[in-house]
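Here is what each chain is made of, one letter per residue.
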Amino acid sequence: TAVVDDEGRLAMSLSGEGEAKLFANGVVRDGYWQRDSLEDHTYFYDKETKQTWALPGGQLWIEIVDGTTVVVYDEIESK
């Protein structure tokens with residue numbers, strides 16, 4: 001990432017690959033993303049199984065953060 005203005009906005013590379021946290025239906029999994037070029041689709045993979053992670057139907061939220069951002073969330077055990 002690089003700061004591009006006095007407001008602190010960041011320029012980020014949106015191709016390549018990187019770590020991901022995958023959240024869906026109350027479950028969080030460690031994963032990674034991969035995108036060969038800006039013309040290609042972004043694919044998400046489950047780190048444990050190395051399988052493509054199927055995005056859930058409905059509304060989707062993808063948050064992109066730099067490597068210094070700490071992502072905090074609460075895990076709730078299912079009964």
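As a reminder, the structure under discussion sits directly above these lines.
The structure reproduced in this document is the subject of the present report. Numbering of residues starts from 1 in every chain and runs along the sequence as written. In view of the model being predicted, local features appear only for residues whose pLDDT reaches at least 70, and side-chain atom pairs are presented and counted only at 80 or more, with totals across whole chains, interfaces and linings using the full set of residues. Heavy atoms from the whole structure form the basis of all side-chain values; hydrogens and water molecules are not counted.

## Regarding the overall build of the chain
Part 1 of the argument: A tally of regular secondary structure across the chain gives zero helices and five strands.
Part 2 of the argument: Numbered from the N terminus, helices here are DSSP runs of H or I no shorter than four residues, and strands are runs of E no shorter than two. Moving toward the C terminus, one meets the helices and strands of the chain in the order β-β-β-β-β.
Part 3 of the argument: Along the longest, intermediate and shortest principal axes, the C-alpha atoms of the chain span 50 × 30 × 25 Å.
Part 4 of the argument: Throughout this description, buried means an accessible area under 20% of the type-specific maximum (1.4 Å probe, protein chains only), exposed means over 50%, and partly exposed covers the range between. By residue count, 14% of the 79 residues in the chain fall in the buried class.
Part 5 of the argument: At a minimum sequence separation of 6, the contacts of the chain that also span at least 24 residues come to 18%.
Part 6 of the argument: Only the protein chains shown count as cover for residues, with accessible areas throughout obtained via the Shrake-Rupley method and a probe of 1.4 Å. Split by element, the accessible area of the chain, about 7000 Å² in all, is 49% carbon and sulfur. Working rule for contacts: check all heavy atoms of both residues, and any pair within 4.5 Å makes them a contact.

## Brief notes about the sheet that holds strand β4 (residues 27–35)
Part 1 of the argument: Two strands are said to pair when DSSP picks up at least two bridges between them. One open sheet holds the three strands; their spatial order is β3-β4-β5, and the pairing between them is antiparallel. Single-partner strands in this sheet number two, and they are β3 (16–24) and β5 (43–46). Direction aside, neighbouring strands of the sheet carry axes that sit 35° apart on average. Helix axes are fitted only over the stretch in contact, all axes being lines through C-alpha atoms; the angle between N-to-C directions runs from 0 to 180 degrees.

## Here's the deal with the environment of E19
Part 1 of the argument: When you line up the elements, E19 lands in strand β3.
Part 2 of the argument: Owing to a relative accessible area of 71%, E19 belongs among the exposed residues under this scheme.
Part 3 of the argument: With ten residues separating them along the chain, E19 and R9 place their C-alpha atoms 21 Å apart.
Part 4 of the argument: Ignoring sequence-local partners within four residues, the contact set of E19 consists of G31, Y32, W33 and K47.

## Quick word on the pairing of β4
Part 1 of the argument: As judged from the nine bridges shared by β3 and β4, these two strands associate in the antiparallel manner. In the strand pairing of β4, A24 is matched with V27.
Part 2 of the argument: Judged from the four bridges that link them, β4 and β5 form a sheet pairing that is antiparallel. Counted as the bridge partner of Y32 is Y45 from β5.

## Focus: the pattern of salt bridges
Part 1 of the argument: One speaks of a salt bridge when a side-chain nitrogen belonging to Lys or Arg is within 4 Å of a carboxyl oxygen belonging to Asp or Glu. Taken as a whole and judged by the stated rule, the model has three salt bridges.
Part 2 of the argument: As a salt-bridge pair, R9 and D5 come within 2.6 Å of each other at their nearest N and O atoms.
Part 3 of the argument: For D46, the salt bridge goes to R29, with nearest N and O atoms at 2.6 Å. Of this pair, D46 sits in strand β5 while R29 sits in strand β4, and the two are 17 residues apart along the sequence.

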